[in-house]
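# Chain and residue survey
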Amino acid sequence: MTSLSVASPFAAAANLPLRSLGNLPLAPVLVVAPHPDDETLGCGGAIAQLRSLGYPVQVLVVSDGTKSHPRSQLYPAPRLRQLRESETLAALALLKVEADGVTFWGLPDGAVPAVDPADLSEASASALAALEHCRAYLRRVLPQTIFLPYQFDPHRDHRASWGLVRAALGAMPSPPRLIEYPIWDWDPNQRQPLGDRYSAWRLDIAPQVALKRQAIDCYRSQTTDLIPDDPTGFRLSPELVANFLNPWEIYLEQTP
Ligand SMILES: [Zn+2]
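Residues numbered from 1 in each chain as written. Predicted model: local features only at pLDDT ≥ 70, side-chain atom pairs only at ≥ 80, totals over all residues. Heavy atoms only, no water.

### Observations concerning the coordination of the zinc ion
Around the zinc ion, the protein contributes the donor atoms His35 (ND1), Asp38 (OD), Asp38 (OD) and His158 (NE2), which lie 2.1 to 2.7 Å from the metal centre. Note that the zinc ion binds four donor atoms; their angles at the metal cover 52 to 142 degrees, and the shape is irregular. Here the donor residues for the zinc ion map to a single chain with the spacing H-x2-D-x119-H. Look at aspartate 38 and you get buried, because its relative accessible area is 2%. (Donors = N, O, S within 2.8 Å, 3.2 Å for Na, K, Ca; no water. Tetrahedral: all angles 85-135°; square planar, octahedral: opposite > 155°, others 65-115°. Buried < 20%, exposed > 50% of the residue type's maximum accessible area, 1.4 Å probe, protein only.)

Quick look at the structure:
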């Protein structure tokens with residue numbers, strides 16, 4: 001595993017260099033979201049920009065998101081799952097990704113199987129099954145660019161989603177470009193130093209940020225009191241959401 005040694009770039013994010021998406025191969029772009037909302041929070045501006053440039057965009061939502069309100073009687077897991085899927089489809093429709101470009105994998109929220117891409121010998125049976133599923137998905141979509149969660153995101157499902165995609169890449173005829181996006185490093189209390197060999201850059205999304213805001217607002221179960229009967233329920237704080245409404249998004253790539 002890569003070590004962590006460089007200070008977090010998030011303390012002075014506005015100083016990171018700006019890059020454009022203009023030189024991506026005109027081929028399917030895949031956005032991998034550990035939970036229904038990560039794709040919009042982390043990459044909503046990029047998705048809207050890619051669609052306006054004519055790129056086909058596919059979104060893979062890894063977990064079912066049903067742990068956000070585990071004690072709600074009004075929204076038991078099957079209903080919550082349905083709600084979160086409908087929120088995702090509404091958000092992505094605004095960003096011009098149609099429903100047939102969205103795949104809900106439905107793995108358990110909070111328990112996405114973890115694999116170490118460098119050593120699969122310790123992987124559980126459920127992790128190997130998830131990995132095979134991921135390989136089949138990548139062979140079908142054949143993305144040339146993948147936006148995926150940051151390898152060292154503080155949330156385990158984000159790290160596990162990274163691991164599954166990374167371990168499945170060998171199934172592809174040519175390796176895609178991997179662009180990682182941070183979510184929970186935006187929380188100063190969870191933030192980690194930047195992984196060794198990573199470089200961080202910004203994408204200007206000023207023309208897309210109003211649309212991104214509307215897309216984030218589609219996630220009412222995560223941002224409002226829509227689900228009133230679980231006081232322990234998850235809530236994206238306005239302070240956290242504000243980080244995703246900058247006129248730029250932050251991306252991380254491993255240097256060769
Ligand atoms: Zn997440």
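### A few points about the packing of helix H3 (residues 125-141) against helix H4 (residues 156-168)
Direction vectors running N to C along H3 and H4 enclose 60 degrees, while the axes themselves pass 9 Å from each other. Between H3 and H4, the angle is such that the two are oblique. Crossing hand, H3 versus H4: right-handed. Seen from H3, the contacting residues are Ala127, Ala130, Leu131, Cys134, Arg135 and Leu138; seen from H4, they are Leu164, Val165, Ala167 and Ala168. In terms of residue class, the contact of H3 with H4 is built from nine nonpolar, no polar and one charged. (Axes fitted to C-alpha atoms, helices over the stretch in contact; angles between N-to-C directions. Helix = DSSP H or I, 4+ residues; strand = E, 2+ residues; numbered from the N terminus. Parallel < 35°, antiparallel > 145°, perpendicular 65-115°, else oblique. Left-handed = near helix turned anticlockwise from the far one by under 90°. Contact = heavy atoms within 4.5 Å. Nonpolar A, V, L, I, M, F, W, Y, C, P; charged D, E, K, R; others polar.)

### With respect to the layout of surface pockets
Each pocket or cavity is described by its volume, and for the second largest pocket that value is around 200 Å³. Lining the second largest pocket we find 15 residues, and of these His35, His155, Trp184, Gln222 and Phe234 sit closest to its centre. (1 Å grid on protein atoms, 1.4 Å probe; cavity = no way out; pocket = protein on both sides within 12 Å on 5 of 7 lines; lining within 4 Å. Points joined across faces, edges and corners; volume = space filled by probe spheres on them.)

### Concerning the environment of asparagine 15
Among the structural elements, asparagine 15 can be located in the loop between strand E1 (4-6) and strand E2 (18-19). Measuring from C-alpha to C-alpha, the distance between asparagine 15 and isoleucine 179 comes to 19 Å, with 164 residues separating the pair along the chain.

### Quick look at empty space enclosed by the protein
Within the structure shown, the criterion is met by one cavity of 30 Å³ or more. What lines the largest cavity is simply Leu41, Gly42, Pro182, Trp186, Lys212, Asn243, Phe244, Trp248, Glu249 and Ile250. Put simply, the parts of the chain that give the lining of the largest cavity at least two residues each are helix H1 (38-52) and strand E10 (248-254). Counting residues per element, the lining of the largest cavity draws most heavily on E10, which supplies three residues. Residue classes in the lining of the largest cavity are distributed as six nonpolar, two polar and two charged.

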